[in-house]
Amino acid sequence: MKRLALVCSIILSLFLVGCGASEEEAVAEAQVAKAEAMQAKLAKYASFRLTTNAINDLTPKERQIVRLLITAANVIDKCFWYEAYGNKDAFLEGILDPATKQYAQINYGPWDRLEDNAPFIEGVGAKPLGANFYPTDMTKEEFEAADLPDKESLYTFIRRDSMGQLIAVPYRAQFKLPMQFISSYLRSAAKLTDNAALANYLNLRAEAVLTDEYQASDMAWIDMKDNKLEVVIGPIETYEDQLFGYKAAHEAYVLIKDMEWSARLARYAAFLPELQRNLPVEDQYKQEEPGTDAELNAYDVIYYAGNCNAGSKAIAINLPNDEEAQLKKGTRRLQLKNAMRAKFEKIMLPIAEQLIAEDQRKHVTFDAFFGNTMFHEVAHGLGIKNTINGKGTVRKALQEYAAALEEGKADILGLYMIRQLHKQGEIEGDLKDYYVTFMTGIFRSVRFGASSAHGIANMIRFNFFKERGAFERNEEGIYRVNFEKLEAAAEELTQLIIKLQGEGDYTSVAQLMAEKGKIGAQLQADLNGLNTSGIPVDLVFEQGIKAMGF
């Protein structure tokens, strides 16, 4: 790559010597335009220093633990680079322009995650749907015909042997040395903590990264209750695999629990069984009993690494993804309060000022944004995890569409939960706050693009709501929520998604994505207006030990 860049530079110099003034000016203008375009891309991300006042309350040993966890997260980051692209160092060394290199680091490769993975470096082709999890020349048919016992495992790469045949390579083999480092850091952190549950989880996770057996550590993670420090680490989400949705990508969060906010949220998880029973679908789609040992807590996140740090950033977590663990014990929902506040102030409020009717803007509030996000995560525990007709788990039946449909389910069921709990007096405030903030949140999330499961889910909901009159748009591009029609549309979409999941109906889900998972010309024009106004799409973090002031 370096050699190629040098050759291109020499050719360009020779070309300029033979050019007249007009040609030189044209080349200069093209370079300026290219630089301006890259600066416009960088402007999509607002910088935010990731820290929290809770750092001041950490003991010296707790600060040591944080250092160890961030060090482990940095190793995870390199693993995700390999999964998303391949050889990180060779790729970045070949980029001479600092702005382009910075944007490549944000995207973990040469494809723009906010522009449907369009390449932003000349000469780079389309991003492989399977990222670096599969050979780029492998077809779906070849994969499906291959007799490989672990080919659908969350924790294997698919590669070719010397004869060109497909083989499965376990993560523990591909990442043997990095996982040894991570295991060591986690065990060291376990020795330092005085919290027995945290120590147990760290030790089990340290073993899991060496064996690719994660369920025991997932169970231990659910069992943690009163730990102040938190780490989510390992191969977790399958969003990066857009070929099948089988392969989990590595990521890590390092967090500090907000004990006061967590105490306020804890009681909502107890309502899950009742809410499941009252879902507006036939009984066969709600026979699964959500775990009752679920927890709902608020955190300040102090470090993102790997998949969760690529492009758009998560502001809440719902884990584990293991269906068996979910049904046995439920899940834990982590609300990332400081990152959420930053997105609300830097993105949500400016969007509301530009797109929402003036008399409804007062309904866009942080409490409603926090509530919508929180109940989105809680709603992952509702609905159905296994198909009703023997097609296996929903994730395997729907393959590459599973993640986007699950995010759409969580969004719409989150709104359902808010309505139900508000009727029972368990949630205070004006429902209109939640509805208008929900609508504003759609504009925020569709900007993530079709390469994002969250972006696709919001596009489907926007188009579904539009068809049913859940909102109106005037000639000036200002939107007004129709509250009654929004409620009706939300219930109808709830029924549709749960049934599609329960049937494992791959064909119908593919059709839904094709018809409603795209941004129309009118909406695109409105979103372009947000870009013109300089409203960022997402955040990029100043993070690490120095950012926290250690």
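Here the residue numbering is sequential within each chain, running from 1 through the sequence in written order. Side-chain atom pairs in this predicted model are given and counted only at pLDDT of 80 or more, local residue features only at pLDDT of at least 70, and totals for whole chains, interfaces and linings cover all residues. As a convention, hydrogens and water are excluded, and side-chain values are obtained from all of the structure's heavy atoms.

**Some points on the environment of Ala131**
Rule in force here: Where helices and strands are cited, they refer to DSSP runs of H or I of at least four residues and of E of at least two residues respectively, numbered from the N terminus. Between two residues, a contact is recorded if the distance between any of their heavy atoms is within 4.5 Å.
Here Ala131 shows up in the loop between β3 (118–119) and α6 (140–145). If near-sequence neighbours (up to four positions away) are discounted, Ala131 is found in contact with Glu83, Ala84 and Glu240.

**Focus on the packing of aromatic side chains**
Stated precisely, the cut-off is as follows: Side-chain rings of Phe, Tyr and Trp (the six-membered ring for Trp) are treated as a pair once their centres are within 6.5 Å; stacked means planes under 30 degrees apart, edge-to-face means over 60, and tilted covers the remaining angles. Each residue gets one of three labels from its accessible area relative to the maximum for its type: buried under 20%, exposed over 50%, partly exposed in between, using a 1.4 Å probe on protein chains only. For a Lys NZ or an Arg CZ to count as sitting over a ring, it must be within 6 Å of the ring centre and within 35 degrees of the ring normal.
The tally for this structure, following the rule as stated, stands at 37 aromatic pairs. Taking the centre distance of 5.9 Å and the plane angle of 50° together, the rings of Tyr85 and Trp111 count as tilted. Placement of Tyr85 in the loop between α3 (60–84) and α4 (88–93) and of Trp111 in strand β2 (residues 111–112) is noted, with a sequence separation of 26 residues between them. Judged by its relative accessible area of 9%, Trp111 is buried. What links up through ring pairs into an aromatic cluster is the set Tyr82, Phe133, Tyr155, Phe157, Tyr171, Phe175 and Tyr214. Taking the ring centre of Phe244 as reference, the NZ or CZ of Lys140 above it sits at 5.2 Å.

**As for the pairing of strand β10 (residues 332–336)**
Defined as follows: Pairing between strands is defined by DSSP: at least two bridges between them are needed.
Counting buried positions along β10 yields five of five residues, so the element is predominantly enclosed. Alternating residues of β10 divide into Arg332, Leu334 and Leu336 and Arg333 and Gln335, and every residue in both groups is buried. Judged from the five bridges that link them, strand β8 (residues 295–306) and β10 form a sheet pairing that is parallel. When the sheet's bridge partners are listed, Glu295 is paired in β10 with Arg332. In the sheet, strand β9 (residues 316–319) pairs with β10 via four bridges, with the strands oriented antiparallel. Across the sheet, the residue bridging to Ile317 is Leu334, located in β10.

**A closer look at the state of the cysteines**
Inclusion rule: When two cysteine sulfur atoms are found within 2.5 Å, that pair is recorded as a disulfide.
If you walk through the whole model with that rule in mind, you get zero disulfides. Unpaired in terms of disulfides, Cys79 finds its nearest cysteine sulfur in Cys308, a separation of 13 Å. We classify Cys308 as buried; its relative accessible area is 4%.

**Thoughts on the packing of helix α17 (residues 402–423) against helix α18 (residues 431–446)**
The condition that has to hold: To get an axis, fit a line to the C-alpha atoms, keeping to the stretch in contact for a helix; angles then go from 0 to 180 degrees between the N-to-C directions. Roughly parallel means an angle under 35 degrees; roughly antiparallel, over 145; roughly perpendicular, 65 to 115; everything else is oblique. Gly is put with the polar residues, along with every residue not named as nonpolar or charged; the nonpolar set is Ala, Val, Leu, Ile, Met, Phe, Trp, Tyr, Cys and Pro, and the charged set is Asp, Glu, Lys and Arg.
Between α17 and α18, the shortest axis-to-axis distance is 11 Å and the interhelical angle comes to 170°. With respect to α18, the element α17 is oriented roughly antiparallel. In contact with Asp411, Leu415, Ile418, Arg419 and His422 of α17, α18 contributes Leu431, Tyr434, Tyr435 and Phe438. Tallied by class, the residues present in the contact of α17 with α18 amount to six nonpolar, one polar and two charged.

**Digging into unusual backbone geometry**
With an omega of 0°, the peptide bond between Leu319 and Pro320 qualifies as cis. If you trace the backbone, Pro320 turns up in the loop between β9 and α13 (323–329). For Asn117, which is not glycine, the phi dihedral falls at a positive 65°. Within the secondary structure layout, Asn117 lies in the loop between β2 and β3. Of note in this structure, Gln399 is not a glycine but carries a positive phi near 50°. Tracing the backbone through its elements, the reader meets Gln399 in the loop between α16 (394–398) and α17.

**Observations regarding empty space enclosed by the protein**
Basically, it comes down to this: Method remark: on a 1 Å grid restricted to protein atoms, a set of points is classed as a cavity if a 1.4 Å probe fits but cannot get out and as a pocket if it is open with protein on both sides within 12 Å along at least five of seven lines; lining residues have an atom within 4 Å of a point. Grid points are joined across faces, edges and corners, and a volume is the space filled by probe spheres set on the points.
Scanning the entire structure with this criterion turns up two cavities of 30 Å³ or more. Considering the residues around the second largest cavity, the lining is formed by Ala404, Leu405, Gly408, Ala457, Ile460, Arg461, Leu493 and Ile497. Elements represented by at least two residues in the lining of the second largest cavity include exactly α17, α19 (453–467) and α20 (483–503). Partitioned by chemical class, the residues of the lining of the second largest cavity number six nonpolar, one polar and one charged.

**Here's the deal with a negative patch on the surface**
Put simply, the rule reads: Note that patches include only residues with greater than 30% relative accessible area and no salt bridge, and the join distances are 9 Å for like charges and 5 Å for nonpolar side chains (Val, Leu, Ile, Met, Phe, Trp, Tyr). Residue burial considers only the protein chains on display, and all accessible areas are found by Shrake-Rupley using a 1.4 Å probe. Here a salt bridge means any side-chain nitrogen of Lys or Arg lying within 4 Å of a carboxyl oxygen belonging to Asp or Glu. Charge counting treats Lys and Arg as positive and Asp and Glu as negative, with His and both chain ends excluded. Throughout, a charge is located at the NZ atom of Lys, the CZ atom of Arg, the CG atom of Asp or the CD atom of Glu.
A cluster of acidic residues, Glu23, Glu24, Glu25 and Glu29, forms a negative patch on the protein surface. Mapped onto the secondary structure, Glu25 falls in helix α2 (residues 21–42).

**Thoughts on the nonpolar core**
This is how it is decided: Side-chain atoms within 4.5 Å link the members of a nonpolar core, which is a set of buried Ala, Val, Leu, Ile, Met, Phe, Trp, Tyr and Cys residues.
Ranked by size, the top nonpolar core spans 178 residues in total, and within it Leu336 and Phe465 carry the most contacts. A total of 13 residues in this core trace back to one element, the largest contributor, which is α3. Those residues within four positions of Phe465 in sequence are excluded, and the remaining contacts are Ile412, Phe438, Ile442, Ala470, Phe471, Leu486, Ala489 and Ala490.

**Brief notes about the confidence of the model for the protein chain**
When pLDDT is low, close inspection of the predicted coordinates is not appropriate. Put simply, the rule reads: A score between 0 and 100, pLDDT records how confident the predictor is in each residue.
Chain-level statistics for the protein chain give a pLDDT mean of 91 and a share of 95% at 70 or above. Contacts of residues 1–19 to residues separated by more than four positions or lying in other chains number 10 contacts, the stretch itself having pLDDT below 50.

**With respect to the pattern of salt bridges**
Taken as a whole, this structure holds 32 salt bridges when the rule is applied. In this structure, the salt-bridge partner of Glu406 is Lys385, at a minimum N-O distance of 3.8 Å. In this pair, Glu406 is assigned in helix α17 and Lys385 in the loop between α15 (366–379) and α16, connecting sequence segments 21 residues apart. You can call Glu406 buried: its relative accessible area is 16%. A salt bridge links Glu467 to Lys516; the nearest nitrogen and oxygen atoms lie 3.6 Å apart. With Glu467 in helix α19 and Lys516 in helix α21 (residues 506–516), the pair connects residues that are 49 residues apart, well separated along the chain. Here Glu467 falls in the exposed class, since its relative accessible area comes to 51%.

**Considering the sheet that holds strand β6 (residues 229–237)**
The five strands are arranged β6-β7-β8-β10-β9 in an open sheet whose pairing can be described as mixed. Where the open sheet ends on each side, the last strands, each with one partner, are β6 and β9. Each adjacent strand pair in this sheet contributes to an overall mean axis angle of 35°, direction not counted. As paired elements, β6 and strand β7 (residues 249–257) share eight bridges and run antiparallel to each other. Directly across from Glu237, in β7, lies its bridge partner Ala249. Together, β6, β7 and β8 form the strand contacts of α3, whose direction differs from that of β7 by roughly 160°.

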